[in-house]
Amino acid sequence: PDTSIYFTKSAYQNQMREIADRYLAEETIVVTNENYMEVMEAIYDYPTEFSGKTIEMIGFVYNDPDNSQQFFLFRFGIIHCIADSGVYGLLSTGVTTEFPNNTWVKARGTIKVSYHTSLKQNLPTLELQSMVQIEQPDSPYVYRIF
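Everything numeric here is computed off the predicted structure, so don't read it as measured data. (Residues numbered from 1 in each chain as written. Predicted model: local features only at pLDDT ≥ 70, side-chain atom pairs only at ≥ 80, totals over all residues. Heavy atoms only, no water.)

Caption draft 1: Representation of the pairing of strand β2 (residues 54-63). Bridge count between strand β1 (residues 28-30) and β2: three bridges; the pairing is parallel. The residue of β2 that forms the bridge with Thr28 is Thr54. When β2 meets strand β5 (residues 104-116), the two strands line up antiparallel, connected through seven bridges. Bridged to Glu56 within β5 is Arg108. Sheet analysis places β2 next to strand β3 (residues 70-78), joined by four bridges and oriented antiparallel. Counted as the bridge partner of Phe60 is Phe74 from β3. (Pairing = 2+ DSSP bridges. Helix = DSSP H or I, 4+ residues; strand = E, 2+ residues; numbered from the N terminus.)

Geometry only, nothing functional implied.
Structure follows, in structure tokens:
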């Protein structure tokens, strides 16, 4: 998620630095419905700083069609309005249990940065320690709260 268009460059940088610092100070970052979008934005803005941090989150599985050893954990997110809705989450690896696409899971792991060959870029990646299937939340959507 990228909210930079809603701020001046310096205001955005100041706000995201403050948000990142708040989560970096936590021993374990628990990603909730309320903070999901800001945590994801902070991780993508400062991926190397979040490397080594433990994350707990829920999301649905999207299996990477190009690599059976990894998948994405996503949530449907809305930043400002339905026009900017999409799926937001983390590339994930490290658990050998395979779940079909759209299976909802609760996951715990450590952030690292890894290269995704199909997307040809480095991505923050959740190196999973555990993952269990759960029921879909009452609302699969998360919103950016300003």
